[in-house]
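Below, each chain spelled out in residue letters.
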Amino acid sequence: MEDNSTNNMQQVILRKLTSTVLRLGFIVLLTFSTSLKAQEGDPVKGKSLYNANCAACHKLDSKMTGPALRNVETRLQETEGLGREWLNSWIRNSAGMIKSGDAYANKIYKEYNGTAMTAFPTLSDQDISDILAYTAEEPAVAAAPPTDPSGQTQETGTPNKLILGALALLFGLLAMALILVRRTLNSFADAKGVDVAAREKSTPIWKAFVQNQFLVLVTVIILLLASAYFVFGYLSQIGIDQGYEPVQPIHYSHRIHAGDNGIDCKYCHSSARVSKHSGIPSLNICMNCHKSIAEVAPETLAEGQEFGVDYNAEIQKLYAAVGWNQADQSYTGESQPVKWIRIHNLPDFAYFNHSQHVMVGGIECQTCHGPVQEMEVMYQFSPLTMGWCINCHRETNVKVEDNAYYTKIHEQLSKKYGVDKLTVAQMGGLECGKCHY
Amino acid sequence: MIVLILFASCKKDSRPNYQFMPNMYEPVGYEAYSESDAFRNGREAQLPVDGTIARGHDLYEFENTNEGYLNAKANLLSPLDSTEVDESKAAQLYSIYCAICHGNKGDGQGNLVKREKILGVPSYNDVGRAITLGSIHHVIYYGRNSMGSYANQLNEEERWQVTHYVMKLKSELEGSQTVKDSI
């Protein structure tokens, strides 16, 4: 009995125990799952938050102004034993952490040469876990679009060649057929004894030509005139570089920068606003953007292959010239000038001022330089001859309104010429001394 | 015909055309951006001599460090008074140099950001940055983080014009924000 009862008792205790263990387990599981839910971020939201707040200084897989952030949470946990708490307070107020003497905070601050990370006090816990979820995503396997377009071009290239080949073959066959027909006809004629048009002997045509002095004279005159025409044409294009399209030391696509991305011409050619020259942009202007753009997008790279250019290699040329160490994200100090080849070049005896045309005249760059935003390789669009300059000065109206300084002279000149709108020529734009002195 | 082909073959687009009397075309003196024996490193473009300030430029006292930035943010004041701020000119400069990343409204949504070429451009009303006239000018002068220096594209007066314009955009952004919040 006793045994039995104790046994029973034990069972009861055990049952109670198991139930409590189970209950505890449930509670633990519940709390754990809720905490898991709270930490589980939405990588999609995280991406937009990341792009808006972090991407200015952090890349996922390479160092930029700040360190790379791929799997930052797990890496920190493993190497430094620092958890979400640390990250939260670092993101919200990194300067405060550095001041408080946190060892790792100070270490990373020193490692990045005292570049302070902007504080993001507005990011909520959820925002931060979204962002961290985005950083924890595996890198998307780069789809291989470069192979596609090349295949396409080949596809489009082969039919053309095929058609041409077929045409050539057809012509060859036709010629063969004609020769064969002629031969058979001749053999028929031989067989039937028909005399095939035996030619009469007469004076050859060249002898008749030489004997006719009038014809000779006319031909000579025509020949002379024609050659004079061509010689004149050749001489008058000497010194004109229209269509000049040199190969530059670094392939720079105006099509991408000015066309696709819509960067203003004056962003790079800033001295066109204020000086005679439109200016060759210095490399630090390239680096304004290419500090963070070391590689082009895969679509852009594919476009480049159509032109036979590897844009990424060209960016590497830029880095080499400007002395930018991509791994360290710092300048090495060893730079070398890029020998750009000047395309538009007026002779020394003609004066031209960009700021006068761009800022005062308000003329679009494309008026003279052509559709630069579509040029993969820059070329000279206009002839840049004197006739071309003068033509434009004769046709272009000057903006005379809203310029109090010139009101009086505008009125006088309008009266003199009896017109409402004044052209550049009427304002003295054809004076020799304007451009030649 | 042969003559024509001969003439045509003389001109190639990859090299400049022939010139008639080149000594009328080619300058005797050195041209901007050219190579020249007149200077020791063979280039025409030279930096100002150490310790000198080129005409039209001024001394900028704040250093290109984080301390310099904070100092400028707190202490640098604009030399322009309200009558000297030319908004149309500033807007023009802003649209050339800044709007491509920062967006026409200053909300960080420029064309390059929309096309995902450059990311993370902050809005001017970003609370963590809390930009001031001094800090804007400092950043235009030296650049900061991913942004480069614009000191060679904008002179001092233009920089201040743009700075004032940025502050105007910032207050507009903050205005629209508070309107949104109140709704």
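This structure is a prediction, so every number in the text was calculated from the model and none was measured.

K.L.:
So what exactly am I meant to see when it comes to the environment of A:Glu376 here?
P.N.:
Residue and element names in this part refer to chain A. Its place among the elements puts Glu376 in the loop between helix 17 (365-369) and helix 18 (386-395). The exposure class assigned to Glu376 is partly exposed, which follows from the 17 C-beta atoms found within 10 Å. Separated by 58 residues in sequence, Glu376 and Leu318 place their C-alpha atoms 17 Å apart. Ignoring anything within four residues of it in the chain, the contact list for Glu376 reads Ser253, Arg255 and Phe307.

K.L.:
Hey, could you run me through the nonpolar core in this one?
P.N.:
Inside soluble globular proteins, nonpolar side chains tend to come together where they are buried. Core analysis: the biggest nonpolar cluster contains 51 residues, and A:Ile131, B:Tyr94, B:Tyr97, B:Cys101, B:Ile118, B:Ile140 and B:Val162 have the highest contact counts within it. Counting residues domain by domain, this core receives three or more from each of domain 2 (43-136) and domain 3 (239-384) of chain A.

K.L.:
Looking at this structure, how should I read the interface of chain A and chain B?
P.N.:
How big an interface is tends to be stated in terms of the accessible area lost upon association of its parts. Contact residues are listed per partner, giving 50 residues for chain A and 40 residues for chain B. At the level of secondary structure, the elements contributing two or more residues to the side of chain A that touches chain B comprise helix 2 (43-54), helix 10 (213-236), helix 12 (265-268) and helix 13 (283-290) of chain A. Here the residues of the side of chain A that touches chain B are counted per class, giving 26 nonpolar, 18 polar and six charged.

K.L.:
What is the right way to look at the domain arrangement of chain A in this model?
P.N.:
Residue and element names in this part refer to chain A. Taken domain by domain, chain A holds domain 1 (1-33), domain 2 (43-136), domain 3 (239-384) and domain 4 (397-437). In this structure, domain 3 and domain 4 have C-alpha centres spaced 34 Å apart. The interface is formed by four residues belonging to domain 3 together with four residues belonging to domain 4. Considering only residue class, the side of domain 3 that touches domain 4 consists of three nonpolar, one polar and no charged.

K.L.:
Can you walk me through the environment of A:Lys317 in this structure?
P.N.:
Residue and element names in this part refer to chain A. Of note, Lys317 is situated in helix 15 (residues 311-322). Residue classification places Lys317 among the partly exposed residues on the basis of 13 C-beta atoms within 10 Å. For the pair Lys317 and Ser236, spaced 81 residues apart in sequence, the C-alpha to C-alpha distance is 39 Å.

K.L.:
Is there a simple way to explain unusual backbone geometry in this structure?
P.N.:
Across the chain, the bulk of peptide bonds are trans and the bulk of non-glycine residues have phi less than zero. Residue and element names in this part refer to chain A. At Leu384, a position not held by glycine, the phi torsion is positive, near 55°. Mapped onto the fold, Leu384 is located in the loop between helix 17 and helix 18. Note on Leu384: 20 C-beta atoms within 10 Å, which makes it buried.

K.L.:
Quick question: what am I supposed to make of the packing of helix 3 (residues 66-75) of chain B against helix 7 (residues 133-142) of chain B here?
P.N.:
Between two packed helices, the angle of one axis relative to the other and the distance separating the axes together describe the packing. All names here are of chain B. The geometry of helix 3 relative to helix 7 is characterised by a closest axis approach of 6 Å and an angle of 140° between their N-to-C directions. Comparing their axes, helix 7 and helix 3 come out oblique. Here helix 3 and helix 7 pass one another in a crossing that is right-handed. On the side of helix 3, the interface is formed by Tyr69, Ala72, Lys73, Ala74 and Asn75, while helix 7 contributes Gly134, Ser135, His137 and His138. Across the contact of helix 3 with helix 7, the residue classes break down as three nonpolar, five polar and one charged.

K.L.:
So what exactly am I meant to see when it comes to the packing of helix 13 of chain A against helix 15 of chain A here?
P.N.:
All names here are of chain A. Close contact between helix 13 and helix 15 brings their axes to 11 Å; oriented N to C, the two are set at 125°. Of the possible angle classes, the one that applies to helix 13 and helix 15 is oblique. Crossing angle aside, the handedness with which helix 13 passes helix 15 is left-handed. When helix 13 is examined against helix 15, the residues Leu283, Cys286, Met287 and His290 are found in contact with a partner set consisting of Ile315, Leu318, Ala321 and Val322. Its residues placed into classes, the contact of helix 13 with helix 15 shows seven nonpolar, one polar and no charged.

Parameters at a glance
- Residues numbered from 1 in each chain as written.
- Chains lettered and ligands numbered in written order.
- Predicted model: local features only at pLDDT ≥ 70, side-chain atom pairs only at ≥ 80, totals over all residues.
- Helix = DSSP H or I, 4+ residues; strand = E, 2+ residues; numbered from the N terminus.
- Buried ≥ 20, exposed ≤ 12 C-beta atoms within 10 Å, placed from the backbone.
- Contact = placed C-beta atoms within 7 Å.
- Core = buried A, V, L, I, M, F, W, Y, C linked by C-beta atoms within 7 Å.
- Domains from an automatic or database assignment.
- Nonpolar A, V, L, I, M, F, W, Y, C, P; charged D, E, K, R; others polar.
- Axes fitted to C-alpha atoms, helices over the stretch in contact; angles between N-to-C directions.
- Parallel < 35°, antiparallel > 145°, perpendicular 65-115°, else oblique.
- Left-handed = near helix turned anticlockwise from the far one by under 90°.

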